[in-house]
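# Summary of the model geometry
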Amino acid sequence: VDVSEAQQVDEGKFFIEEKKDIESQVKVSIREYTVQKGDTLWKIAQKELGSGHRWKYLYEINKDVIKDPNKLKAGKKIIIPVE
């Protein structure tokens, strides 16, 4: 803490602004889903998450496994968050 930046707010009381980056892990239950022939991220999101519009969310979570979001490979395992 850099005391030279302290601002006196009252007699004997000083205010120091300090910025910290705080990271924490959010615990979410997940389950594996095996991609079936003919599956699309839209279909999986609609079936598993209730809305096909969430396909991008599934892609972001699984982009290390999914090379091309438009061509899913049957048999690949992806992670689906349980909400």
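Scroll up to find the structure this text is about.
The structure contained in this document is the topic of the report that follows.

Conventions and cut-offs
- Residues numbered from 1 in each chain as written.
- Predicted model: local features only at pLDDT ≥ 70, side-chain atom pairs only at ≥ 80, totals over all residues.
- Heavy atoms only, no water.
- Helix = DSSP H or I, 4+ residues; strand = E, 2+ residues; numbered from the N terminus.
- Rg over C-alpha atoms; globule rule 2.2 N^0.38 Å.
- Buried < 20%, exposed > 50% of the residue type's maximum accessible area, 1.4 Å probe, protein only.
- Contact = heavy atoms within 4.5 Å.
- Areas by Shrake-Rupley, 256 points an atom, 1.4 Å probe, with all protein chains shown as cover.
- Salt bridge = Lys/Arg side-chain N within 4 Å of Asp/Glu carboxyl O.
- Arc of directions from axis to C-beta.

## Re the overall build of the protein chain
What the protein chain contains, in helices and strands, is 2 helices and 4 strands. If you list the helices and strands of the protein chain from N to C, you get β-β-β-α-α-β. A compact globule built from 83 residues would reach a C-alpha radius of gyration of about 12 Å, whereas the protein chain, at 23 Å, exceeds it by more than 25%. When its C-alpha atoms are laid out on the principal axes, the protein chain stretches across 70 × 25 × 20 Å. In the protein chain, buried positions account for 19% of the 83 residues. Long-range contacts, defined here as pairs at least 24 residues apart, represent 48% of the contacts in the protein chain between residues at least 6 apart. When the accessible surface of the protein chain is split by element, carbon and sulfur atoms take 48% of a total near 7200 Å².

## A word on the pattern of salt bridges
Two side chains that carry opposite charge are able to pair once their charged atoms sit near each other. Within this structure, the stated rule accounts for 2 salt bridges. The salt bridge partner of Glu 48 is Arg 31, with a shortest N-O separation of 1.9 Å. Taken together, the residues Glu 48 in helix H1 (residues 41–49) and Arg 31 in strand E3 (residues 29–34) connect sequence positions 17 residues apart. Look at Glu 48 and you get partly exposed, because its relative accessible area is 22%.

## Remarks on helix H2 (residues 55–62)
Within the sequence span of H2, burial applies to Leu 58, Tyr 59 and Asn 62. Buried residues of H2 fall within an arc of 100° about the axis and therefore sit on the same side. Looking at the buried residues of H2, the elements they touch are H1 and strand E4 (77–82).

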